[in-house]
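# An overview of the molecular structure
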Amino acid sequence: MPALGQSFEFIGGVRQIGSNDTQGYGTLTYGPGGLEADGVRLRVTGTGSNSHMFTTRVRQRSMALTGGYSWRAGDAGSFALMAGPTYVRRTEGGVSTIDEVGILASAEYAGFVGERGFAVAYAEYSSPDRALFARAFYSHYTTDQFGIGPDISYLSEPDFSRLNLGVRASYVVGATVLSATVGHATTKNDLDPPTNRSPFLELQVATRY
C-alpha cells in the first residue's frame, strides 16, 4: 500500500482523451516538518493541455504557487487547505482568450480505509478560467503492492464541462506509486457538436522522498 512519510511529494501524469485531447500535469509539495505531521505545506503546480475535440483548437498552460496547512484526520488520513496565485494562458484557434493572474484554492483528503483501502478526494477552483475541478478515487489493495478501484473526476467552466469515469490500477514500489486509469469521458460544450464521448487513458506517478 502507499507509503506515508518524507518531506517532499511529486505527482505527475499525462491523460489522453480520444485522439485529439492531451493533458499533462505535475505538482511538487513540500512539508517542512514532514508530510506525515500536521504543518505548513508549500506547492508548485504546472499544467498543460492541447485539445482539438471540437471545431477549434484550444491550448492552455498554467502555473501556480500555493501554500496552506495540513491536519491529521483520524489515525490514518490527512486533510489540507491550500491557496495562492496562479497564472493561466489560453488560446483558441491561435487567439488569446485568457492571459491573467488569479487565485487557485484547493481542499484535499488522503488516507487509508481499513486494512486494504486507500482513498483520495480533491477539489480546486481557479479564478482566471473560472474552473472548478474535483476528483476522488479509491484503491483496494489485493496485495501490499497492487490496488484497483473506481476513479471519478469532474471539470466545470462557464461554457464547458467534462465528466470522467474510470477504473484505476496502482502498483507500489517502495515510496513510489505507479498508476494507470482507463475509462470514459463525456465532454459538453456550447460549440458544435455539443457533446463528445471518448475513451481515455491516464498514466501517473506519485513519489515521496
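The structure under discussion appears in the preceding block.
## What about the overall build of the chain?
For the chain, the count of helices and strands is zero helices and 12 strands. When the elements of the chain are put in sequence order from the N terminus, they spell out β-β-β-β-β-β-β-β-β-β-β-β. A compact globule built from 209 residues should have a C-alpha radius of gyration of about 17 Å, and the chain, at 17 Å, falls within 12% of that. With the C-alpha coordinates aligned to their principal axes, the bounding extent of the chain is approximately 50 × 35 × 25 Å.

## A few points about the side chain of Ser 179
Tracing the backbone through its elements, the reader meets Ser 179 in strand β11 (residues 176-189). For Ser 179, a relative accessible area of 6% gives the class buried. At 3.3 Å, the side chain of Ser 179 forms a polar contact with the side chain of Arg 168. A polar side-chain atom of Ser 179 sits 2.9 Å from a polar atom in the side chain of Ser 170. Apart from the residues within four sequence positions on either side, Ser 179 is in contact with Arg 168, Ala 169, Ser 170, Glu 202, Leu 203 and Gln 204.

## Overview of the packing of aromatic side chains
On inspection of all chains with the given rule, the structure shows five aromatic pairs. Judged by centre distance (6.3 Å) and plane angle (25°), the ring pair of Trp 71 and Phe 79 falls under stacked. For Phe 79, a relative accessible area of 34% gives the class partly exposed. Joined through ring pairs, the aromatic side chains of Phe 8, Tyr 30 and Tyr 209 make up one cluster. A cation over an aromatic ring shows up here: Arg 15 above the ring of Phe 200, its NZ or CZ 4.9 Å from the ring centre. Over the aromatic face of Phe 137 sits the side chain of Arg 168, whose NZ or CZ is 3.8 Å from the ring centroid.

## Focus on the pairing of strand β9 (residues 146-157)
Pairing of strand β8 (residues 131-141) with β9 involves eight bridges; the strand directions are antiparallel. The partner of Ala 134 across the bridge, within β9, is Tyr 154. Between β8 and β9, which pair antiparallel and follow one another directly, the connecting turn spans four residues. Where β9 meets strand β10 (residues 160-173), 12 bridges bridge the pair, whose relative direction is antiparallel. By the bridge assignment for β10, Ile 148 is matched with Ala 169. Once β9 ends, the chain turns through two residues before running back antiparallel as β10.

## Some thoughts on the pattern of salt bridges
Per the stated rule, a full pass over the model turns up 10 salt bridges. One salt bridge in this structure joins Arg 162 and Asp 21, with 2.7 Å as the shortest N-O distance. In this pair, Arg 162 is assigned in strand β10 and Asp 21 in strand β2 (residues 21-30), connecting sequence segments 141 residues apart. Like Arg 162, the residue Asp 21 is buried in the burial classification. Notably, a salt bridge pairs Arg 89 with Asp 99, separated by 3.4 Å at the nearest N-O pair. In this pair, Arg 89 is assigned in strand β5 (residues 77-92) and Asp 99 in strand β6 (residues 95-113), connecting sequence segments 10 residues apart. Taking the relative accessible area as the measure of exposure, Arg 89 reaches 35% and is therefore partly exposed.

## A short note on the pairing of β8
Where strand β7 (residues 117-126) lies against β8, 10 bridges are found, and the strand directions are antiparallel. Across the sheet, the residue bridging to Ala 121 is Ala 136, located in β8. Linkage of β7 to β8, two consecutive antiparallel strands, is achieved through a turn of four residues, within which Arg 130 is found at a positive phi near 50°.

Criteria and thresholds
- Residues numbered from 1 in each chain as written.
- Predicted model: local features only at pLDDT ≥ 70, side-chain atom pairs only at ≥ 80, totals over all residues.
- Heavy atoms only, no water.
- Helix = DSSP H or I, 4+ residues; strand = E, 2+ residues; numbered from the N terminus.
- Rg over C-alpha atoms; globule rule 2.2 N^0.38 Å.
- Buried < 20%, exposed > 50% of the residue type's maximum accessible area, 1.4 Å probe, protein only.
- Polar contact = N/O pair within 3.5 Å; in protein donor to acceptor, adjacent residues only side chain to side chain.
- Contact = heavy atoms within 4.5 Å.
- Phe/Tyr/Trp six-rings, centres within 6.5 Å; stacked < 30°, edge-to-face > 60°.
- Lys NZ or Arg CZ within 6 Å of the ring centre and 35° of its normal.
- Pairing = 2+ DSSP bridges.
- Salt bridge = Lys/Arg side-chain N within 4 Å of Asp/Glu carboxyl O.

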